[in-house]
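# Working through the structure, step by step
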Amino acid sequence: MQILDLLLCLILFPLVAALFLLVVRRDSVRSLIVQFAAVAIGIVSLVLLILGFDKGTLIYSVASEPVSLVMFIIEIILAVFILYLGIKFRKSLTVLLILLQAGMLVWFETSLAGNLHIANNLFVDQFSIIMALIIGIIGSLICVYAVGYMETYHNRHKEVRDRRSIFFGILFIFLAAMFGLVFSNNLLWVFFFWEITTICSFLLIGYAETEEATNNSFLALSMNLLGGVAFMAAIIYLVLADSSGILLDLNHLLATGKAFALVPAVLICFAGITKAALMPFSSWLVGAMVAPTPVSALLHSSTMVKAGVYIIVRFAPVLSGTTEGLMIALVGGMTFALASFMAISQNNAKKVLAYSTIANLGLIVACAGVGTYNLMWVAILLIIFHAIAKSLLFLCVGTVENRIGSRNIEDMGGLIVRMPKIAIMMFIGMAGMFLAPFGMVISKWAAIEAFITAPFGLIFIAILAFGGSATVFFWSKWMGKIISVMRDQNVIEDTVRKEKWAVLYILTGLVVVVCLIFPLISSVLIEPFVLNIYGHTTRLAQANLTIMIMMLFLLMIMPFSMLLYGKRAQPPALPYMGGRPMNDSMHFAGSIGISRELVLSNYYLEKTFGEERLFMIGVSLCWGLLLIAGILLLGVIL
Amino acid sequence: MIPEPLLPVFYGLVYVLLAPLLGGLIAGIDRKVTARMQGRVGPPILQPFYDVGKLFEKENPVVTVTQNFYVLSYLVFMMVAGALFFSGGDMLLVIFAFTLSHIFIVLGAYASYSPYSHVGAERELLQIIAYEPMIILTAVGMYMVTQSFFVSTIVASSVPIILYLPGIFVGYMIVLTIKLRKSPFDISTSHHAHQEIVKGVTTDFAGPNLGKIEIAHWYEYVFLLGVIWLFFAWNPLLAVAAILVVYFLEILIDNTMSRVKWQLMLRTAWITAGTLGIINLGVLYYLGMVVP
Amino acid sequence: MTYLQKSPWIVHYNASSCNGCDIEILAALTPVFDVERFGIINTGNPKHADILLCTGSVNEQNKVPLKNVYDQIPEPKVVVAIGICASSGGIFRECYNVSGGIDKIIPVDVYVPGCAARPESIIDGVVTALGILEQKRLAMQTEGSPAGTKAGEAR
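Notes on the structure follow. (Residues numbered from 1 in each chain as written. Chains lettered and ligands numbered in written order. Predicted model: local features only at pLDDT ≥ 70, side-chain atom pairs only at ≥ 80, totals over all residues.)

## Side note on the overall build of chain C
Along the backbone of chain C there are four helices and seven strands. Written out in order from the N terminus, the α and β elements of chain C read β-α-β-β-β-α-β-α-β-β-α. Its C-alpha atoms give chain C principal-axis dimensions of roughly 45 × 40 × 20 Å. Here chain C holds 155 residues, and 49% of them are scored as buried. A sequence separation of at least 24 residues applies to 81% of the contacts in chain C between residues at least 6 apart. (Helix = DSSP H or I, 4+ residues; strand = E, 2+ residues; numbered from the N terminus. Buried ≥ 20, exposed ≤ 12 C-beta atoms within 10 Å, placed from the backbone. Contact = placed C-beta atoms within 7 Å.)

What follows is the structure, encoded as structure tokens:
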């Protein structure tokens, strides 16, 4: 029973911490609680890894009736709360959706749930452990970072009401819900935690209480509620199919095969698509940028959107080889390509990160939708690498934003001089996103190799080739911006707080270390999981691994070459300016004696990769694909 | 003579040692042929070696010391990419290492904060995104014909790859034009006396650093022409002939075309990759399904 | 034997010349003269150049750019003044805004007189400059670098 205790501990402990945080008012106490809770959660998830990695799938029965009743009551209370807010802010769509969803829920509980008996409510397997590690380590690191960030945030934004107790309370409830989601074997429970994450994200996005924040939070809420409706529909379908409720048992459902599982799988994948902010629904994630940066980091890297892809990857075996699965994969693929293109035209750092997140989630869904064994392997690998690098990047951008007061990439010129440590960490994070031999490129590579043998894989290879080259463009120009050396800049990073540094160091370390030990992660966690489902598994060739690791070491050694040049230090030359000398404050003599400042700006290629046009194309294409999937589904149901 | 497992290492080393010599020679012939096409006598064949020798005799002024690091990394990773290719490694890994090395030269240009380097860097990035899809499709095409991404397997295959991949081959020639910095696609920097927006990415590199960029470029020559070999690998004589013809064509294109804007370059490269490349692969895919 | 003499790259700066000498310099690149035979390339970027070819007299407007272009050429480097204006100021010598020949601003190694200077004499001037370039390189080897002329030091 030891592992069950760990699971319960991971779900309940953040809740306890959240309760404390909701009542604590003093900063120092709050900081202490957050740090303690974060360390505890991180350690418990590691213990889970150590105890559970070789155990395969473990299923636990927990008394479900009382818990389900409590969940039902909480869901009704939340629905009423949302209803109240929806009416207060006159959001008719939200009101409509919450009424629909609550109606379905009440009808389900009163007329269908009577003779349900689901014994095996909790489970854990290697994939759950991976997710738990991501939530437990990266999620809690972000919480620690948030303590310092929110203090600066409130000093800077006096107009925002200080509701930090609620803020941190919700953060930890969010973590608890995520743990619950990945450990639940009962789809009703999954749905409950699913809704909790929706509502938590809604509250966090609207934290600033400005009009923009409120609107964006309702946008996120509506889209996720739509997904929730689909999820609920899947549950009702399953219970109608078998009134004993045995099909609500996730592992059982996946084992029954396509006959029963396909319809709920597509419905739940639709819910996953809304949560993972794929193309028709991508606007909520971009809108969520108004939230304080730790929230964005949490939503993007370790929680929320990862819940969406988690559930889709879970259902990947059901989707594989079906036309519906192909449609979902195409939604993912289109999202990957178009979001990567759109990121080129953005100069807001957080928006670039948002589009990059959307793109990568699209890629994960594309892998899961096609759903062959090697693509499943790639999808999980992508989840891991993306979570680490993206959280690091968000936190770096947050720190920079707090220092320079801007999230515009153009204002980050010369960051390597002004905030050298942060700039190097950002550099590593970005390298993690698009450069060999770091994580995302390993995944991209494996994805190409996997798609090539998959049905209709050629479409995805083309998407990957074009979309992948766009990622190279927008990351490199940003990288170029932060490493360009401008003269006479002061170091302004010494005021960053100690625990923030600690978080950033750990994440930077993780980017590199995970890249080094990913063969180990693969063989211990991912391969057994894939083997268990498909009966065979995949990995990168040993020779290539050796070369990758050699490249990584080479990359780490290269910076030391600068020491060779350091000895022969000579006065730096001036950049070429067409014969005009430039002085130290970046000014040069222009025509008719006017002194002008040298300002360089990146290419954004608005006309070619403009956001609006591509967004329209993407939304119509993806709705079309979803519609086709829906029609096919109707055919199956009827 | 050399034990079997060490053979790839040996080939890699041979590339690292000999590629600059071969690449420099190719560059020299290129300049000579170009001059003849223009009715001039042209420099000696060994001129590129004299140039690089001279660059190493000069002092090394840098705007920031990090430039040295970027240039050295560019050279080293170009060597790594080429060595991987010639030791029979995985094509995709070779492509990723190749991209990595180019990112370093771009970063080196960004680092100097000069308007000319900056424009050069942006344009170099545009070139990278223009050719990258096609080069990946090339690798995928090779896989579809030979069932392997490993160069060692592709080169040993007795299948006349070119007959299966004519579309890919034409697309690859566009990659080659971009990568050899030939007109009409020499928008980030170019060779010989061509110049625009001063000298693009290389504007703020002088002396030994410029020399290293030149050497890296020789390595690149040999690698890129090596890929052409793969298309004709079943018949080495034909492969050499194909390389000569293709290279001559590139010089001809260089001397008869004028430089285009980046929009046209991107469009040409992507449309070729999207039509010729994808259709070619699609046909192969279809054939593969029908005739297993 | 040195590579420097086999690969002299030039940068051409027009300091208020009438374009007569400039056309003659470009004529040297044409098939008739083809200076690339000697490895000479017209680079357009001082950071890549070894020889500065300068035409025209120096006036108030181009003093600073001329000095800047000169400073950005990495050592060893030589300067060739092309045409009589660059050599001494020529007929503009007495103008209110003209400083004189370019040697008022930067050290000149070779003077190529003429109005305009003929391509043959320009090539001859550059070849003469090669000898001086070699001497400078040897000097640089023995004593580090010539005093006060390191690239970028003037900033």
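What follows continues from the structure just given.
## Concerning the overall build of chain B
The helix and strand inventory of chain B stands at eleven helices and zero strands. Its helices and strands in sequence order give chain B the pattern α-α-α-α-α-α-α-α-α-α-α, from N to C terminus. The C-alpha atoms of chain B give 19 Å as radius of gyration, which agrees with the globular expectation for 292 residues (19 Å, within 12%). For chain B, the C-alpha atoms occupy an extent of roughly 60 × 50 × 40 Å along the three principal directions. Buried residues in chain B amount to 62% of all 292 residues. (Rg over C-alpha atoms; globule rule 2.2 N^0.38 Å.)

## As for the interface of chain B and chain C
Taken together, the 26 residues of chain B in the interface contact 22 residues of chain C. Considering every element that reaches the side of chain B that touches chain C, the biggest residue donor is helix α2 (residues 47–57) of chain B, with six residues. When the residues that make up the side of chain B that touches chain C are grouped by side-chain class, the tally is nine nonpolar, nine polar and eight charged. (Nonpolar A, V, L, I, M, F, W, Y, C, P; charged D, E, K, R; others polar.)

## A short note on the interface of chain A and chain B
Opposite the 44 residues of chain A that make contact, chain B presents 52 residues. Among the secondary structure elements, those contributing two or more residues to the side of chain A that touches chain B are α20 (439–451), α21 (457–483), α23 (542–557) and α24 (561–566) of chain A. Looking at the side of chain A that touches chain B, the element that brings in the most residues is α21(A), giving 14 residues. For the side of chain A that touches chain B, the residue count by class is 34 nonpolar, eight polar and two charged.

## Thoughts on the sheet that holds strand β7 (residues 110–112) of chain C
Residue and element names in this part refer to chain C. With parallel pairing, five strands are arranged side by side in an open sheet as β2-β1-β3-β5-β7. Since the sheet does not close on itself, it has two edges, and those belong to β2 (41–42) and β7, each with one partner. Two strands pair when backbone bridges link them, and strand β1 (residues 9–14) and β2 are joined in this way by two bridges, in the parallel orientation. The partner of W9 across the bridge, within β2, is I41. (Pairing = 2+ DSSP bridges.)

## Things to note about the nonpolar core
Counting 357 residues, the largest nonpolar core has A:F172, A:V331, A:V365, A:A379, A:I380 and B:A97 as its most contacted members. It is helix α17 (residues 373–404) of chain A that contributes the most residues to this core, 21 residues altogether. Once residues lying within four places of it in the same chain are set aside, the contact partners of A:I380 are A:F127, A:I130, A:V313 and A:I526. Judged by nonpolar contacts, the second largest core, of 42 residues, contains C:V58, C:A81, C:A116 and C:V126. (Core = buried A, V, L, I, M, F, W, Y, C linked by C-beta atoms within 7 Å.)

## Structural notes on helix α16 (residues 349–370) of chain A
Residues and elements named next belong to chain A. In this model α16 runs 32 Å from its N-terminal to its C-terminal C-alpha over 22 residues, within 8% of the 32 Å that 1.5 Å per residue would give. A large share of α16 lies buried, amounting to 21 of its 22 residues. Directly beyond the C-terminal end of α16, a positive phi value near 65° is found at G371. (Expected span 1.5 Å × (residues − 1).)

## Digging into helix α9 (residues 207–231) of chain B
The first and last C-alpha atoms of α9(B) sit 38 Å apart over 25 residues, in line with the 36 Å expected at 1.5 Å per residue. Burial of α9(B) is extensive: 22 of the 25 residues sit out of reach of the surface.

## Some details on the packing of helix α15 (residues 323–344) of chain A against α21(A)
Residue and element names in this part refer to chain A. Viewed as axis vectors pointing N to C, α15 and α21 meet at an angle of 20°, and their least axial separation amounts to 8 Å. Accordingly, the angle class assigned to the pair α15 and α21 is roughly parallel. Seen along the crossing, α15 lies across α21 with a hand that is left-handed. Judged by residue contacts, G333, F336, A337, S340, F341, A343 and I344 of α15 engage I459, F460, I463, F466, G467, A470, T471, F473 and F474 from α21. Split into classes, the residues belonging to the contact of α15 with α21 amount to twelve nonpolar, four polar and no charged. (Axes fitted to C-alpha atoms, helices over the stretch in contact; angles between N-to-C directions. Parallel < 35°, antiparallel > 145°, perpendicular 65-115°, else oblique. Left-handed = near helix turned anticlockwise from the far one by under 90°.)

## Observations concerning the packing of helix α13 (residues 304–314) of chain A against α16(A)
All names here are of chain A. Contact pair α13 / α16: the axes reach a minimum separation of 9 Å and the direction vectors enclose 10°. By the criterion of interaxial angle, the relationship of α13 to α16 is roughly parallel. When α13 is examined against α16, the residues V305, V309, I312 and V313 are found in contact with a partner set consisting of T357, L361, I364, V365 and A368.

## Here's the deal with the pairing of strand β2 (residues 120–124) of chain A
Residues and elements named next belong to chain A. Judged by how many residues are buried, β2 sits mostly within the fold: four of five residues are covered. Across four bridges, strand β1 (residues 58–61) lies against β2 in antiparallel orientation. The partner of S61 across the bridge, within β2, is N120.

## What to know about unusual backbone geometry
Among all residues save glycine, negative phi is the norm, and among peptide bonds the norm is trans. Residue B:P184 is reached from B:S183 by a cis peptide bond, and omega for that bond is 5°. Here B:P184 is to be found in the loop between α8 (166–179) and α9. Here the residue pair C:E75 and C:P76 is connected by a cis peptide bond, since its omega of -10° sits within 30 degrees of zero. Structurally, C:P76 can be placed in the loop between α2 (63–72) and β5 (78–82). The residue A:A277 is not glycine, and still its phi comes out positive at about 55°. With respect to the helices and strands, the residue A:A277 is situated in the loop between α10 (258–275) and α11 (283–287). For A:L605, which is not glycine, the phi dihedral falls at a positive 50°. Considering the arrangement of structural elements, one finds A:L605 in the loop between β4 (595–597) and α25 (606–609). With 18 C-beta atoms packed within 10 Å, A:L605 lands in the partly exposed category.

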